[in-house]
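Residue-level structural notes
Residues per chain, in single letters:
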Amino acid sequence: MSKKIITGFHAIEEYVRSTASDSSKTGKVQLLYSTPGPRVKKIIAQAEKAGIVCSKVESKMLDEAVSSIPEALRDHRGIVLVAELKEGTDNTNRVSFDEFVAQAKSSVSGKKLSVVLVLDSVTDPHNVGAIIRSCDQFGVDLVVLPERRGVKDSEVIARSSAGAISWVPVAVVPNLVRAVEALKEAGYWVYGADAGGITIAESRLEGKVVLIMGSEGTGMSRLLEKECDAIVSIPTCGKLDSLNVSVAAGILLYEIRRQNLFP
């Protein structure tokens, strides 16, 4: 088994909650803490209720526990969660893409909202984490990531997503173009985000929606762009060329939800 070291109040709380609802994803889980403040005490109570062993240790031991993770994540603030992961698992809510598509085909959609977000070559883990946090807030059903040219640092993603990575369904696929084709066959309309498209105010992002976000440097690939039913853009008035990809994703996901709640 490998060990997962998690820091940050939000990320630990969400992992505790997800472990309580699905203990099969981990082996042994232990919560280590030093001097507990009100927030830490709340997390300890949640962890004990979920059957997680909680141990009070010296702050030096917490420093040692986080020494192997990226420097940006070592600010433990007096609490660290250590999870022994079963082989082939991490804290990501991984799902089967093929099973998702099969369920989408068999369901009676009507006007029911279903949103899939596809990330093409978005490699910054902080951006991916922030996007997944927005996906949680705006009810995204699935995030699709590529096996290649995708982000690798799951610890940074977990921290940046404030724990949402444990809840938002994620599928990793070998070929994004084929994945989008399968979603189109399942009844989804595909929209790519890029400058020069129709504005989100002019678009109708209703029903089954696939939103493709490309990297800030190169945008989405030409092959993926050919699969789009429309290109949508966010009207801006600043002097920079574009929005950060995580900010743009949040705005577009909000607009999709707004249009479906208040058509």
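Scroll up for the structure.
This section reports on the structure supplied with the text.

Rules used throughout
- Residues numbered from 1 in each chain as written.
- Predicted model: local features only at pLDDT ≥ 70, side-chain atom pairs only at ≥ 80, totals over all residues.
- Heavy atoms only, no water.
- Helix = DSSP H or I, 4+ residues; strand = E, 2+ residues; numbered from the N terminus.
- Buried < 20%, exposed > 50% of the residue type's maximum accessible area, 1.4 Å probe, protein only.
- Contact = heavy atoms within 4.5 Å.
- Areas by Shrake-Rupley, 256 points an atom, 1.4 Å probe, with all protein chains shown as cover.
- Expected span 1.5 Å × (residues − 1).
- Polar contact = N/O pair within 3.5 Å; in protein donor to acceptor, adjacent residues only side chain to side chain.
- Core = buried A, V, L, I, M, F, W, Y, C linked by side-chain atoms within 4.5 Å.
- Pairing = 2+ DSSP bridges.
- Axes fitted to C-alpha atoms, helices over the stretch in contact; angles between N-to-C directions.
- Salt bridge = Lys/Arg side-chain N within 4 Å of Asp/Glu carboxyl O.

What follows concerns the overall build of the protein chain. Check the secondary structure of the protein chain and you find nine helices and 10 strands. When the 263 residues of the protein chain are sorted by exposure, 51% land in the buried category. A separation of at least 24 residues holds for 80% of the contacts in the protein chain among residues at least 6 apart in sequence. Put simply, the protein chain shows about 13,700 Å² of open surface, and 49% of that area lies on carbon and sulfur atoms.

Turning our eyes to something else, we now look at helix H5 (residues 125-137). An α-helix turns once every 3.6 residues. As a result, residues three or four positions apart point the same way. Compared with the 18 Å implied by 1.5 Å per residue over 13 residues, the 19 Å span of H5 between its first and last C-alpha is a close match. Along H5, the residues that are buried comprise Pro125, Asn127, Val128, Gly129, Ile131, Ile132, Ser134 and Cys135. One side-chain oxygen at the N-terminal end of H5 lies 2.8 Å from the backbone nitrogen of His126; it belongs to Asp124. Gly139, located one to two residues past H5, shows a positive phi value of around 70°.

Ranked by internal contacts, the top residues of the largest apolar core, which has 33 residues, are Leu117, Leu119, Cys135, Val143, Leu211, Met213 and Leu252. If you list the elements that add at least two residues to this core, you get strand E5 (114-120), H5, strand E6 (142-146), helix H6 (154-160), strand E8 (189-199), strand E9 (208-214), strand E10 (230-233) and helix H9 (245-261). When residues in this core are grouped by element, the largest group, six residues, is from H9. Counting residues in each nonpolar core, the second largest holds 25 residues, with Phe97, Ala182, Tyr188 and Cys228 among its members.

Strands sit in the order E7-E6-E5-E9-E8-E10 across an open sheet of six strands; the sheet is parallel. Looking at strand neighbours, the two that pair on one side only are strand E7 (170-173) and E10, the edges of this open sheet. Taking each pair of neighbouring strands and ignoring which way they run, the sheet shows an average axis angle of 35°. This element, helix H7 (residues 176-185), spans E5, E6, E7, E8 and E9 of the sheet and lies at about 165° to E5.

Topologically, Arg204 is positioned in the loop between E8 and E9. On the basis of relative accessible area, Arg204 is assigned to the exposed category, the value being 61%. In the structure, Arg204 is positioned 56 residues away from Asn260 in sequence and 9.2 Å away in space, judged by C-alpha atoms. Setting aside its immediate chain neighbours within four residues, Arg204 contacts Tyr191 and Gln259.

Turning to the pattern of salt bridges, a few remarks are in order. A side chain with one charge can pair with a side chain of the opposite charge if their charged atoms come near. All chains considered together, the criterion is met by four salt bridges. When the shortest N-O distance is used, the salt bridge between Glu227 and Lys184 registers 3.6 Å. Of the two residues, Glu227 sits in the loop between helix H8 (222-226) and E10 while Lys184 sits in helix H7, which places them 43 residues apart along the sequence. Residue classification places Glu227 among the buried residues on the basis of a relative accessible area of 15%.

Attention now goes to unusual backbone geometry. At Arg77, a position not held by glycine, the phi torsion is positive, near 55°. If you trace the backbone, Arg77 turns up in the loop between helix H3 (59-65) and strand E4 (79-85). A positive phi angle, near 60°, is found at Ser121, a position not held by glycine. Looking at the element boundaries, Ser121 is found in the loop between E5 and H5.

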